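Single-letter residue listing:
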Amino acid sequence: MEQTLVLVKPDGVQRGLIGEIIARLEKRGLKLVGAKLIQVADSLAREHYAIHIGKPFYEGLIQYITAAPVMAMVWEGENSVNAVRQTMGSTDPVKATPGTIRHDFALLISRNLTHASDSPENARNEISLWFEKDEIVEWQRLNEDWITGGN
Ligand code: CMP
């Protein structure tokens, strides 16, 4: 089953939005299989955002993500990468659709509350960067068929 990495960034943690963000993903029907609150090391931040090295916002982005704790999570479900990104909304909050997390709670790309993997391949890489194998919990939802069943 497809998994994706979600980070509630320091602004989301500081603003008390962890619960709101988890609630939206849970209600969507996604399954939480890993979660931890961590103070991000400079080295982890730089590895996670290596694709942005050299961009004008890169050093500021590293400072932002390491400035205070981050809630790191792994969410599971069919098409979870696309589903989570849809629930988050566009990276730039003023381009995000009403009803998405970034539209509803953010204004600036530099304080956009969350990170979500942008492809299944990047999700696999990011999950292995942020989580040990034994930190991912496989569990069964009793109502699974009412959420993911076919007809
Ligand atoms: P994220 O989805 O974590 O991926 C890269 C992050 O870089 C992005 O969210 C924003 O937090 C940040 N970012 C992207 N573009 C800019 C920008 N122009 N200015 C500041 N931060 C940016």
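One can find the structure itself at the top, above this paragraph.
Residues numbered from 1 in each chain as written. Predicted model: local features only at pLDDT ≥ 70, side-chain atom pairs only at ≥ 80, totals over all residues. Heavy atoms only, no water.

Here we come to the environment of Gly54. By secondary structure assignment, the location of Gly54 is in the loop between helix H3 (42–48) and helix H4 (58–66). A relative accessible area of 70% places Gly54 in the exposed class. C-alpha separation for the pair Gly54 and Ser117, spaced 63 residues apart in sequence, amounts to 20 Å. (Helix = DSSP H or I, 4+ residues; strand = E, 2+ residues; numbered from the N terminus. Buried < 20%, exposed > 50% of the residue type's maximum accessible area, 1.4 Å probe, protein only.)

The full set of residues close to the ligand is Lys9, Tyr49, His52, Phe57, Leu61, Thr91, Arg102, Ile109, Asn112 and His115. At 3.1 Å from an oxygen atom of the ligand is found a side-chain nitrogen or oxygen belonging to Asn112. Separating an oxygen atom of the ligand from a side-chain N or O atom of His115 is a distance of 2.9 Å. Contact with the protein chains removes 78% of the 450 Å² of surface that the ligand exposes when unbound. The residue inventory of the shell around the ligand, partitioned by class, reads four nonpolar, four polar and two charged. (Near = heavy atom within 4 Å. Polar contact = N/O pair within 3.5 Å; in protein donor to acceptor, adjacent residues only side chain to side chain. Areas by Shrake-Rupley, 256 points an atom, 1.4 Å probe, with all protein chains shown as cover. Nonpolar A, V, L, I, M, F, W, Y, C, P; charged D, E, K, R; others polar.)

What follows is about helix H2 (residues 18–28). Every buried residue of H2 is listed here: Ile21, Ile22 and Leu25. Seen end-on, H2 carries its buried residues on one side only, within an arc spanning 95°. Where H2 is buried, its residues contact strand S1 (3–8), strand S3 (70–76), helix H5 (80–88), helix H6 (101–105) and strand S4 (114–116). In the segment just after H2, Gly29 is the residue with positive phi, at about 110°. (Arc of directions from axis to C-beta. Contact = heavy atoms within 4.5 Å.)

Right, let's talk about the packing of H2 against H5 for a bit. Between H2 and H5, the least distance of the axes is 11 Å, while the angle of their chain directions is 130°. Between H2 and H5, the interaxial angle falls into the category oblique. With respect to the hand of their crossing, H2 and H5 are arranged in right-handed fashion. Contacts between H2 and H5 pair Ile21, Arg24, Leu25 and Arg28 from the former with Ala83, Val84, Gln86, Thr87 and Met88 from the latter. When the residues that make up the contact of H2 with H5 are grouped by side-chain class, the tally is five nonpolar, two polar and two charged. (Axes fitted to C-alpha atoms, helices over the stretch in contact; angles between N-to-C directions. Parallel < 35°, antiparallel > 145°, perpendicular 65-115°, else oblique. Left-handed = near helix turned anticlockwise from the far one by under 90°.)

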